[in-house]
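Residue-level structural notes
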Amino acid sequence: MAGLMSDFALFTHAVVRGIPASLAKEALRSSQGEVDLSKARKEHEAYIEVLGTRLGLEVVELPAEESLPDCVFVEDAAVVCGDTALITRPGAESRRRETEAMNKALKDLNLNIVEMTDENATLDGGDVLFTGREFFVGLSKRTNQRGAELLADAFKDYAVSTVPVLEGLHLKSFCSMGGPGLILIGASEPAQKTLKIMQQMSDHRYDNLTVPDDYAANCIYMNLPNKGHVLLHPTAEQYPESAKVFEKLKDYMLIPVSNLEKAKVDGALTCCSILLNKKANV
C-alpha cells in the first residue's frame, strides 16, 4: 500500500490551452448561460499568469483549436502522476480529438505515455482525484468502469477506488484536494454521500473541509519551494460564503482566481491545466 507521495503537489510545469471563439456558442454545457468570450479570455490569461509569473511554474501553452470548442479544459485529456501520463478517452465524443495535442505536449516533456485505446472505455480527467496516496475515480456521465480499470493498469503503485457521481458533471465538480490528507468537499447531500463512500473505501484517514457551494470545492492545491502551501480558489465575488471558509487555512498562500465565465460551460479551476513535476532526470 503506497504511503503519501513524497513530492505530493510539488509541481514544476503546467500545460494549458487557449480559448477558441467557438467556446462561447458550441462548448458543451449543462445550463444556458451566455458566455462573454472577451471576459473568459481575460480570466484565463489571469489564471495562466498566476501559474507562471506568481508561482514560477513553467507554462506550456497549446494553441486553441476552433473545431474543439471545449479544448481549454485540458484536465480531461490526460492524467499525470509521477513520470507517467495516461492519455484519456473523453466521454463526450466531440472532445476525443483534444487528446492529440496533449499527447504530443506530454511526449515533448519526456513523460512515459500510456494511451487509452479501448473503445469500451471512457475517462475524463475531471473524474480523477489523486490524493497522494491513492486514486478515486468518479463514475459519471463521462467516465465508466472500464476507464477506471485502465487508469488502475497505468498507475499500478496506487490503489484505485470508484465512487458514484450522483449529481454534477464530474467528481471534481464538488471536491478536490486542499492539502496532504485534506479533501475539500461541497455541502450538498450528493457531495457528502460521495465523500462518505470515499471514506468507507479507503484504508487512509482524510480530514475534510466542507464549503457551502459545491463548485467552490474545486480548487488547486500546490506545495511549492519557498511558498509552502498554496491554494488557488474561486473568488468571493463568485462564492462569498465559501470564500470565508478558505480563510480557515491559516498557513496557506490563498490566491482567489476568477472563473465566472468558464463556469457557465461547466469549467472549474482544475479543468484548465495539467500540472506535473518534471524532475531533472525525467
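Up top you'll find the structure we're talking about.
Let us look at the structure shown here. (Residues numbered from 1 in each chain as written. Predicted model: local features only at pLDDT ≥ 70, side-chain atom pairs only at ≥ 80, totals over all residues. Heavy atoms only, no water.)

As a further point, take the sheet that holds strand 5 (residues 112-115). Pairing is mixed in the open sheet, where 3 strands are placed in the order 3-4-5. Strand pairing shows two members of the sheet lacking a second neighbour, strand 3 (78-81) and strand 5, which therefore form its edges. If you compare each strand with its neighbour and ignore which way they point, the axes differ by 20° on average. Along the sheet, helix 3 (residues 98-108) makes contact with strand 3, strand 4 (84-87) and strand 5, crossing strand 5 at roughly 155°. (Pairing = 2+ DSSP bridges. Helix = DSSP H or I, 4+ residues; strand = E, 2+ residues; numbered from the N terminus. Axes fitted to C-alpha atoms, helices over the stretch in contact; angles between N-to-C directions. Contact = heavy atoms within 4.5 Å.)

A word on the nonpolar core. Across soluble globular proteins, you tend to see nonpolar side chains buried next to one another. Among the nonpolar cores identified, the biggest contains 79 residues, and Leu-51, Phe-135, Leu-151, Met-222 and Leu-232 are the most heavily contacted of them. Considering every element that reaches this core, the biggest residue donor is helix 2 (residues 37-54), with 5 residues. In this structure Met-222 touches Ala-9, Phe-11, Leu-51, Leu-55, Leu-57, Gly-228, His-229, Val-230, Leu-232 and Leu-275, once residues within four positions along its chain are discounted. Within the second largest apolar cluster, 15 residues are counted, among which are Val-15, Leu-111, Ile-274 and Leu-276. (Core = buried A, V, L, I, M, F, W, Y, C linked by side-chain atoms within 4.5 Å. Buried < 20%, exposed > 50% of the residue type's maximum accessible area, 1.4 Å probe, protein only.)

This next bit is on the sheet that holds strand 13 (residues 228-234). Reading across the sheet, the 3 strands line up as 12-13-14 and stay open at both edges, with mixed pairing between neighbours. At either end of the open sheet lies a strand with only one pairing partner, and these are strand 12 (220-224) and strand 14 (253-257). Mean inter-strand twist for the sheet, computed between neighbouring axes without regard to direction, equals 20°. By the bridge criterion, 5 bridges tie strand 13 to strand 14 in an arrangement that is parallel. When the bridges of strand 14 are listed, Pro-234 appears paired with Val-257. Sheet strands touched by helix 2: strand 12, strand 13 and strand 14. Its angle to strand 14, the strand with the most contacts, is close to 150°.

For the rest of this paragraph, the subject is helix 5 (residues 189-201). With 13 residues, helix 5 should reach 18 Å at 1.5 Å per residue; the first-to-last C-alpha distance of 18 Å fits that figure. Restricting attention to buried positions, one finds in helix 5 the residues Pro-190, Ala-191, Thr-194, Leu-195 and Met-198. End-on, the buried residues of helix 5 take up no more than an arc of 140°, which puts them together on one face. Turned more than 90 degrees away from the buried face of helix 5, the exposed residues are Glu-189, Lys-196 and Gln-200. The inward-facing, buried residues of helix 5 abut strand 6 (128-130), strand 7 (134-139), strand 8 (159-164), strand 10 (182-186) and strand 11 (207-211). One side-chain oxygen at the N-terminal end of helix 5 lies 3.2 Å from the backbone nitrogen of Ala-191; it belongs to Ser-188. (Expected span 1.5 Å × (residues − 1). Arc of directions from axis to C-beta. Polar contact = N/O pair within 3.5 Å; in protein donor to acceptor, adjacent residues only side chain to side chain.)

Here the focus is the pairing of strand 4. Neither face of strand 4 is open: one carries Thr-84 and Leu-86, the other Ala-85 and Ile-87, and all of them are buried. Alignment of strand 3 against strand 4, held across 4 bridges, turns out to be antiparallel. Paired with Ala-78 across the bridge in strand 4 is Ile-87. Hairpin connection between strand 3 and strand 4: a loop of 2 residues separates the two successive antiparallel strands, and Gly-82 in this loop has a positive phi of roughly 65°. Pairing geometry for strand 4 and strand 5, over 4 bridges, is parallel. What sits directly across from Thr-84, in strand 5, is Asn-112. Handedness of the crossover joining strand 4 and strand 5 through helix 3: right-handed. (Right-handed = clockwise from strand over helix to strand, strands pointing away.)

With that out of the way, let us pick up unusual backbone geometry. Residues other than glycine seldom take positive phi values, yet Ala-9 does so here, at roughly 65°. With respect to the helices and strands, the residue Ala-9 is situated in the segment before strand 1 (13-17). Classification of Ala-9 by relative accessible area gives buried; the value is 5%. Look at Asn-110: it is not a glycine, yet its phi comes out positive at around 65°. Mapped onto the secondary structure, Asn-110 falls in the loop between helix 3 and strand 5. Its relative accessible area of 46% is what places Asn-110 among the partly exposed residues.

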